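One-letter residues, chain by chain:
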Amino acid sequence: MKRWKIAGICLAVAVAAAASGCGKKTGTETTTAESTAAETEEYVAESSVKLGEYKGIAVTVTEASVTDEEVENQIQQVLNSKAEYREVDRAAQTGDQVNIDYKGLLDGEAFEGGTAEGYDLTLGSGSFIDGFEDGLVGAVKGDQKDLNLTFPDPYPNNPDLAGKAVVFEVTVNAVKERSVPELTDEFVASVSPDDGTVEKYRESTRENLLEQKQLSIDNQRDTDILNAVVDNSEVVCSTASIDEAYDTQLKAYTNMLSSYGVDLATYAGMIGSDGESFKQKIREEGAKEMAKQSLVLNEIAKQENITIDDSDKEALAKRYGYESLETMLQNDNIDQKMVDDTALMQKTLDFLVKNAKITVSTEENNAALNTEAAEDEAE
């Protein structure tokens, strides 16, 4: 599991840009971020940091634990992911997969995007417009059906079809039933050869879940400590530092979303926003916070004479899932300065954690504390 999102530093691969944010731009060059900032922020020429208390930060963490139910649920997810569809000689049911040929007709004419052959459709998946999948429940191999349906209005995928009555001519080529494999030694050998047996697979699944939980707890601990240190400090971020953090975060978001085939504007719409509002949120809630954290960590590093060497850089690479520093630097989005700056901040963060007052509580204790807090609030 990668740990780029550590201690509240959003998209930590981009931290180096914010860390060097006290620099000034030359000439009259203006970025999109600066134009946005000019409309909503007062220009600040220089950054400044006045540290408050940063040693002995008190934080409570939960003791990591994994239940038998969580182990079984995780294993069931793996089993479900390996499910196969096998042809059956019966009527189709919800949850089955049907292989179909279909042609959509509007006023007797085939419309664009409404025809396909050999298409595998899972009934109940909601992949097609209302009525299409329900109309195939009960169908058997060889059936030919005419589905009289109406497109929803609005219909963003094809506005020309919005609210239109159409007919889908459908031929059922096959009906397939979903078959989930059983948990056997043979199955374990196919997905986790190092385990080999069901018993060992359960043990390793528990260990992996426990490691993930511990990682999540550690990340939250780091976040709480760093947030407290920032809150204790007086930090002024220059406009340039926020600009750099914003530009790099925006690029990181864009690259991440593009890997899923989604652009920024589309994603913003999915969460009920628009492109410009989402960008402003990145600046207000992400870039500013990242710039503050970076400035504070760098100032603490100066005060405590924290420095890095090659071993720290190698440790950083391993921490983020790379085989070596050399492999890490092969990433086009990572350069030596970014590694140096991030390694220094990570080492400084580790220093804060080492010097924090950490209390470990069980989940049962946390539940009791939450109940007590709720009762106090009710009173």
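Residues numbered from 1 in each chain as written. Predicted model: local features only at pLDDT ≥ 70, side-chain atom pairs only at ≥ 80, totals over all residues. Heavy atoms only, no water.

## Comments concerning the environment of Tyr155
Defined as follows: Helix and strand labels come from DSSP, where a helix needs a run of H or I of at least four residues and a strand needs a run of E of at least two; each type is numbered from the N terminus. Remark: exposure states derive from per-residue accessible area (1.4 Å probe, protein chains only) relative to the maximum for the residue type, with buried under 20%, exposed over 50%, and partly exposed in between. Contact criterion: two residues are considered in contact whenever any of their non-hydrogen atoms come within 4.5 Å of each other.
Structurally, Tyr155 is set in the loop between β6 (144-150) and β7 (165-179). Residue classification places Tyr155 among the buried positions, given a relative accessible area of 18%. Separated by 26 residues in sequence, Tyr155 and Ile129 have C-alpha atoms that sit 9.8 Å apart. Excluding residues within four positions of it along the chain, Tyr155 makes contact with Ile129, Leu161 and Ala162.

## Considering the pattern of salt bridges
Put simply, the rule reads: What counts as a salt bridge is simple: a side-chain nitrogen of Lys or Arg found within 4 Å of a carboxyl oxygen of Asp or Glu.
All told, the structure shown has 18 salt bridges when counted by the stated rule. Of the charged contacts, one joins Lys141 and Glu87 as a salt bridge, the two residues approaching to 3.2 Å between their closest N and O atoms. Residue Lys141 is found in the loop between β5 (109-122) and β6, and its partner Glu87 is found in strand β3 (residues 84-87); the two are separated by 54 residues along the sequence. Owing to a relative accessible area of 47%, Glu87 belongs among the partly exposed residues under this scheme. The salt bridge partner of Asp222 is Arg221, with a shortest N-O separation of 2.9 Å.

## Here we look at the nonpolar core
Rules: For the purposes of this section, nonpolar cores are sets of buried Ala, Val, Leu, Ile, Met, Phe, Trp, Tyr and Cys residues that join through side-chain atoms within 4.5 Å.
Membership of the largest hydrophobic core comes to 34 residues, with the highest contact counts inside it found for Ile225, Val229, Ile300 and Leu352. Every element with two or more residues in this core is listed here: α5 (198-232), α6 (239-258), α7 (264-270), α8 (275-303) and α11 (336-354). Looking at this core element by element, the count peaks at 10 residues for α8. Ignoring sequence-local partners within four residues, the contact set of Ile225 consists of Ile57, Val59, Leu352, Val353 and Ala356.

## Brief notes about the confidence of the model for the protein
Here is the rule: Each residue gets a pLDDT score, which is the predictor's confidence in that residue and runs from 0 to 100.
In this model, the protein carries an average pLDDT of 85, and 85% of its residues clear a pLDDT of 70 or more. Every residue in residues 1-38 scores below 50 in pLDDT, and together they form 92 contacts with partners more than four places removed in sequence or on other chains. The model gives residues 365-379 a pLDDT under 50, and that stretch makes two contacts with residues more than four places away or in other chains.

## Looking at the environment of Gly275
Structurally, Gly275 can be placed in helix α8. The sequence separation of Gly275 and Asp263 amounts to 12 residues, and the corresponding C-alpha distance is 9.6 Å.

## Some details on helix α3 (residues 68-81)
Let me state the cut-off plainly: Expected span of a helix, by definition, is 1.5 Å for each gap between consecutive residues, and there is one gap fewer than residues.
Compared with the 20 Å implied by 1.5 Å per residue over 14 residues, the 20 Å span of α3 between its first and last C-alpha is a close match. Of the surrounding elements, those touching the buried residues of α3 are α4 (185-191) and α5.

## Describing unusual backbone geometry
In this structure, the amide linkage connecting Asp153 to the following residue, Pro154, adopts the cis form with an omega of 10 degrees. Inspection of the secondary structure assignment puts Pro154 in the loop between β6 and β7. We note that Asp107 has phi near 55 degrees; this positive angle belongs to a residue other than glycine. Note that Asp107 resides in the loop between β4 (97-106) and β5. Asp107 gets classed as exposed once you look at its relative accessible area, which sits at 73%. Phi at Asn305 is positive, roughly 55 degrees, even though this residue is not glycine. By the element assignment, Asn305 lies in the loop between α8 and α9 (310-319).

## As for the packing of aromatic side chains
Defined as follows: Aromatic rings from Phe, Tyr and Trp, with only the six-membered ring used for Trp, were paired whenever their centres fell within 6.5 Å, and each pair was classed as stacked if the ring planes differed by under 30 degrees, edge-to-face if by over 60, and tilted otherwise.
In this structure the tally under the stated criterion is 13 aromatic pairs. Each ring, one from Phe111 and one from Phe151, has its centre 5.8 Å from the other, and the planes form 80 degrees; the classification is edge-to-face. Here the residue Phe111 occupies a position in strand β5, and Phe151 occupies one in the loop between β6 and β7, the gap between them amounting to 40 residues. Like Phe111, the residue Phe151 is buried in the burial classification. A centroid spacing of 5.9 Å and a plane angle of 75 degrees characterise the contact between Tyr253 and Phe278, whose relative ring orientation is edge-to-face. Of this pair, Tyr253 sits in helix α6 while Phe278 is found in helix α8, placing the two residues 25 residues apart along the sequence. A residue is classified by how much of its surface remains accessible, and Phe278, at 9% relative accessible area, is buried. Pairwise contacts between aromatic rings join Tyr102, Phe111, Tyr119, Phe128, Phe132, Phe151, Tyr155 and Phe168 into one cluster.

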